[in-house]
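Observations on chain architecture
Single-letter residue listing:
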Amino acid sequence: MSSPLNHLPNTQKETWRRTVLLTVQSIGVVYGRLSTAPLYVFGSMRRKDIDSDERLKEIFSFIFWTLTIVPLLKYAVIVLRADDNGEGGTFSLYSLLCRHAKVGLLPSDESSDEIMHYETGSTSPSKKNSRARRAIKNNKISHYMMLLLALFGSCMMIGDGVLTPALSVLSASKGLQLSLAKISERSATSECGGLEKDLKKYVPVPTACFILVCLFSVQRYGTHKIGIIFAPVVMVWLFLISGVGLYNIVLWDHRILYAISPKYMYNFMKHSNIKSWKLLGNLVLCIAGSEAMFTDLGHFSKKSIKIAFVCLVYPALVLSYAGQAAFISKHLIPHDDEVVCSTHNAEYFHLRESVPNHTGRSEVFRHFFVVLSLFAAAVGSQATITATFSIINQCQALGCFPRVKVVHTSNIIHGQVYIPDVNWIMMILSIACTIGFHEILPLGNATGFAIISGMLVTTCLMSLVILLYWERSWLLTASFLVFFGSVEIMYLSSSLLNFYKGAWCLVILLVFCMTIMLSWHYGTRKKYEFDLENKVPVNWLTDLSPGLGISRVPGIGFIYTEVVTGIPAFFSHFITNVPAFHQVLIFVSFKLLPVPHISPSRRYLIGRVGPKEYKIYRCIVRYGYCDQVRDTDDFEDHIILSIGEFISREEEDVESLTSPERRMVVVGNQTMNENTIVSVPRGSDSETLSPPVDPSGSSCTPINQKKVRFILPPKSPTMRVSVRMELQELVDARESGTAYFLGQSHLSVQKRASFIKKFLVTTYVLLDKNCRQPPVALNIPRAALLEVGMVYTI
């Protein structure tokens, strides 16, 4: 995900106004989840688990140092530096490793390295072939492990996107229940206990479900519209909880600040048992949302994210947790010769209780706090939902998720996407978790497990980036891995102790998502390998002649294929049964590069297939995992313009090869209007500059009416005659009509295959039949589409 501001040239200095703007925006998008964590950190712990003032200080010490070590030191100081051309997240780290350590398992062939070597507009420096890089490159098992790590981290993010809305909204709804209970106590003196039970039964869960339905329903409007209110809500929320925290520290127990000493953590670990160790699984919720600092990096800049966290978010959270601890110390923990002055006997603590009440019986301030917490919880959930959409979009682009409809909700910020099918599935699962658990504790356990697992994956991949991409020493790499990994493994072990108390649902979701991703990746890879093994050489097509019964028909034929050399098997199958092909053939291949974006001026690689008189071209369309180039209506026009530019430049390219597969040329500038074809809207006066010419002398009627047509400039003295003739033939072929060839492959598995292979192939076939059509076919007229079926047995 990237903001237009991130696409400014690297040489442009970031102004302070731009930094301030991005800082304010990041507070609402990046830190919504982290800022609402005080709603459920202490609220996910039973009051009986905090049985002494010493235990309370130990808990606060863990919260303080966890906030300092993970979001501040790990993410703000170190991980944010490992961006991939301004993009962040698990797959950005994996793409860095694919590009610089050659560990990618995504579909590719022997020409991928050559494609990567053509300029992409990236300024990534070349890396020396170190011993570590050679060892990992030659170890195929490590490649699979890295891919599994990336997929595992993505599944944890998806699980987090399901659980976080349920946890945040339910926590805020509990505050609404407490407010209604207070009102009922003053309005009715009898049957108060029964009324309180009814409120607990009928208020939190239905309210949370209603808010969840509203939250997921507005996703189609996009982050750029519903995010307008995010920053003000989160900023007011942060100022409020920090003010309440400071008030409680001064009024109740300022000595709680002494608990930031690490000795309290040491005492906790020294005298801990299984019961106390489980509390760490709840404490990890205090860093819920820290991963968004890196995942949502493409929206903002590193400086803005750091400034927002250091100057506002971090101090506000520390004051809030310290204030809660000071309030709990005075009101909920019995001291010698003191009476606990708790006004509520609930099993769990809620942040609302620590809010000061000096407005009389109306409790206006507390009611305002409850309403604001509901808005803040929705904002925090929004950030996680948006991050889930981005993760799934990246997985789909990298061939690890079935084809789903991706809607770009902003024409400016390309990374803001909305996936309708995933949105409604997430809503159903989130509501099911809310109704099924209906308590904060199990939802907190499952969410904590997802959070710490995703962070551990980031630590592992980041350590490899330090070693292989930054080329730091083994000692520094090991220090990073051991220091941050030990902290996260400690919390992970605590979360596993709570496995039977809610975390098990995350494992079910993990198995489901991993099965889908691995099956899709396996089936996609096997199909691609089959295409590579069964492609035919270029000479097979160029050697065909009219004497053998092969005829050329007017028009342009677009052949969409995954292979970038040779002739795809499905097209040779078509020619064998229907001995004819078009006057102009264009083999189009889409190649994903492990970078976020490819500049339009560097997107197309054009070359010839066979001699010039055959008029057969190959177009390789390169795109990054955050680019969308197939769903546009003018995609075909860009290819034709690029081929016209290639024809005009070919005479000047002295490095062209004479082999059947000529050297590819990067085109896409489209600035040579005097020497190449140009596009004009149909019906405009400029159409008369160069009317279409039919070689047979008859008038040509276009089969498919297009929005634009192509013409040659009437006066171009520098254009060669041969170039003008070839360009005119290209224009005439376009006017004669266009046909599109797609290979429709079907996988089947051998009877003697293993159960795992049968299961993966069966799952892939089921997904392939029920997922979205290939994006390239969305805007193709059905009358001009030819699908050639092939059966692949693996």
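Located above this text is the structure these notes cover.
Residues numbered from 1 in each chain as written. Predicted model: local features only at pLDDT ≥ 70, side-chain atom pairs only at ≥ 80, totals over all residues. Heavy atoms only, no water.

1. Description of helix α18 (residues 420-437)
Each α-helix turn comprises 3.6 residues. Residues three or four places apart therefore point the same way. What counts here: Think of it this way: any DSSP run of H or I at least four residues long counts as a helix, any run of E at least two long counts as a strand, and we number them from the N terminus. Here a helix's expected span is defined as the number of its residues, less one, multiplied by 1.5 Å. Each residue is placed in one exposure class: buried if its accessible area under a 1.4 Å probe, protein chains only, is under 20% of its type's maximum, exposed if it is over 50%, and partly exposed if it falls in between. What the arc measures is the spread of directions leading from the helix axis to the C-beta atoms.
Its 18 residues give α18 an end-to-end C-alpha distance of 26 Å, which sits within 8% of 26 Å, the value for a rise of 1.5 Å per residue. Among the residues of α18, Pro420, Val422, Asn423, Met426, Met427, Ser430, Ile431, Cys433, Thr434 and Phe437 are the ones counted as buried. Buried residues of α18, seen end-on, are gathered within an arc of 160° and therefore sit on one face of the element. Seen from the buried face of α18, the exposed residues on the opposite side, beyond 90 degrees, are Ile425, Ile428 and Gly436. His438 lies just past α18 and shows a positive phi near 45°.

2. A short note on helix α9 (residues 204-217)
With 14 residues, α9 ought to run about 20 Å at 1.5 Å a step, and its terminal C-alpha atoms sit 20 Å apart, in line with that. Pro204, Val205, Thr207, Ala208, Cys209, Ile211, Leu212, Leu215 and Phe216 are the residues of α9 that are buried.

3. Digging into unusual backbone geometry
Even without being glycine, Glu471 reaches a positive phi, approximately 60°. Positive phi, normally seen in glycine, also occurs at Lys615, with a value near 55°. By the secondary structure assignment, Lys615 is in the loop between β5 (604-608) and β6 (616-623).

4. What to know about a nonpolar patch on the surface
For clarity, the threshold we go by: Each patch is built from residues that are more than 30% exposed by relative accessible area and take part in no salt bridge. Like charges join if they lie within 9 Å; nonpolar side chains (Val, Leu, Ile, Met, Phe, Trp, Tyr) join within 5 Å. Note on areas: Shrake-Rupley with a 1.4 Å probe; residue coverage comes only from the protein chains shown. When a carboxyl oxygen of Asp or Glu is within 4 Å of a side-chain nitrogen of Lys or Arg, the pair counts as a salt bridge.
A cluster of nonpolar side chains, contributed by Ile141, Met145, Leu148 and Leu518, occupies part of the molecular surface with about 350 Å² of accessible area. It is helix α7 (residues 140-187) that contributes the most residues to the nonpolar patch, 3 residues altogether. Inspection of the secondary structure assignment puts Ile141 in helix α7. Overall, the relative accessible area of 60% leaves Ile141 in the exposed class.

5. What about the sheet that holds β6?
Let me state the cut-off plainly: Think of it this way: DSSP has to see at least two bridges between two strands before they count as a pair. Between the N-to-C directions of two axes lies an angle of 0 to 180 degrees, each axis being a line fitted to C-alpha atoms and, for a helix, fitted only over the stretch in contact. Whether two residues are in contact is decided by their heavy atoms, any of which lying within 4.5 Å being enough.
Spatially, the 7 strands line up as an open sheet ordered β7-β5-β6-β4-β3-β10-β11, and their pairing is mixed. The strands lining the two open edges of the sheet, one partner per strand, are β7 (665-667) and β11 (785-793). With strand direction ignored, the average angle separating the axes of adjacent strands in the sheet is 30°. Along the sheet, helix α25 (residues 721-736) contacts β3 (551-560), β4 (580-592), β5, β6 and β10 (738-748); its crossing angle with β3, the most-contacted strand, is approximately 85°.

6. Remarks on the packing of helix α1 (residues 16-29) against helix α16 (residues 302-331)
Going by this rule: Handedness of a crossing is defined here by the sense of rotation of the near helix relative to the far one, left-handed for an anticlockwise turn of less than a right angle and right-handed for a clockwise turn.
Running from amino to carboxyl end, α1 crosses α16 at an angle of 65°, the nearest separation of the two axes being 8 Å. The chirality of how α1 crosses α16 is right-handed. In this structure, α1 contributes Thr19, Leu22, Thr23, Ser26 and Ile27 to the contact, and α16 contributes Lys303, Ser304, Ile307, Ala308 and Leu312.

7. Some details on the side chain of Gln396
Rules: Two N or O atoms form a polar contact when they lie within 3.5 Å of each other; inside protein one atom must be a possible hydrogen donor and the other a possible acceptor, and for residues adjacent in sequence the pair counts only when both atoms belong to side chains.
Its place among the elements puts Gln396 in helix α17 (residues 364-397). A distance of 2.5 Å separates a polar atom in the side chain of Gln396 from the backbone nitrogen of Val404. With residues near it in sequence (within four places) discarded, Gln396 still touches Phe401, Pro402, Arg403, Val404 and Val406.

8. Let's talk about the packing of aromatic side chains
Quick note on the threshold: Think of it this way: a Phe, Tyr or Trp ring, Trp meaning its six-membered ring, pairs with another when their centres are within 6.5 Å, and the plane angle makes it stacked under 30 degrees, edge-to-face over 60, tilted otherwise. To sit over a ring, a charge needs its Lys NZ or Arg CZ within 6 Å of the ring centre and within 35 degrees of the ring normal.
Applying the stated criterion across every chain, the model contains 18 aromatic pairs. Through pairs of rings, three or more aromatic residues link up here, namely Phe558, Tyr560, Phe590 and Tyr740. When the ring centre of Trp470 is taken as reference, the NZ or CZ atom of Arg81 above it lies at 4.9 Å.

9. Remarks on the environment of Ala569
With respect to the helices, strands and loops of the structure, Ala569 is situated in helix α23 (residues 569-577). Sequence-distant contacts of Ala569, that is, excluding residues within four places in its chain, are made with Asn534, Lys535 and Met790.

10. A look at the packing of α17 against α18
Under the convention used in this document: Between 65 and 115 degrees an angle is taken as roughly perpendicular, under 35 as roughly parallel, over 145 as roughly antiparallel, and anywhere else as oblique. Classes in brief: Ala, Val, Leu, Ile, Met, Phe, Trp, Tyr, Cys and Pro nonpolar; Asp, Glu, Lys and Arg charged; the others, Gly included, polar.
Two elements in contact, α17 and α18, have axes separated by 11 Å at closest approach and are oriented at 130°. Put simply, α17 runs oblique to α18. Seen from above, α17 lies across α18 with right-handed handedness. Contacts between α17 and α18 involve Ile385, Thr388, Phe389 and Ile392 from the former and Val422, Asn423 and Met426 from the latter. Its residues assigned to classes, the contact of α17 with α18 shows 5 nonpolar, 2 polar and no charged.

11. Here we look at the nonpolar core
The cut-off we apply is this: Think of a nonpolar core as a cluster: buried Ala, Val, Leu, Ile, Met, Phe, Trp, Tyr and Cys residues, connected wherever their side-chain atoms sit within 4.5 Å.
Residues Tyr31, Phe42, Ile63, Leu67, Tyr321, Met462 and Tyr491 are the most contacted members of the largest nonpolar core, which totals 163 residues. By residue number, the principal contributor to this core is helix α19 (residues 440-468), which donates 17 residues. Membership of the second largest hydrophobic core comes to 35 residues, among which are Ile586, Phe646, Val665 and Tyr740.

12. Re the pattern of salt bridges
Using the criterion set out here, one finds 13 salt bridges in the structure. Where Arg403 meets Asp768, a salt bridge forms, and the shortest distance between an N and an O atom there is 2.9 Å. Linking Arg403 in the loop between α17 and β1 (407-408) with Asp768 in helix α26 (residues 755-770), this pair joins segments that are 365 residues apart in sequence. Judged on exposure class, the residue Arg403 and its partner Asp768 are both buried. Residue Glu529 is joined to Lys526 by a salt bridge in which the shortest nitrogen-to-oxygen separation is 3.7 Å. Of the two residues, Glu529 and Lys526 are both situated in helix α21 (residues 504-534); the distance of 3 residues between them amounts to about one turn of the helix. According to the relative accessible area criterion, Glu529 is partly exposed, its value standing at 26%.

13. As for the pairing of β6
Counting buried positions along β6 yields 8 of 8 residues, so the element is predominantly enclosed. Judged by which residues are buried, β6 turns out to be covered on both faces: Ile616, Arg618, Ile620 and Arg622 on one side and Tyr617, Cys619, Val621 and Tyr623 on the other are all buried. The pairing of β4 with β6 spans 8 bridges and is parallel. Residue pairing across strands places Ser589 opposite Ile620, the latter belonging to β6.

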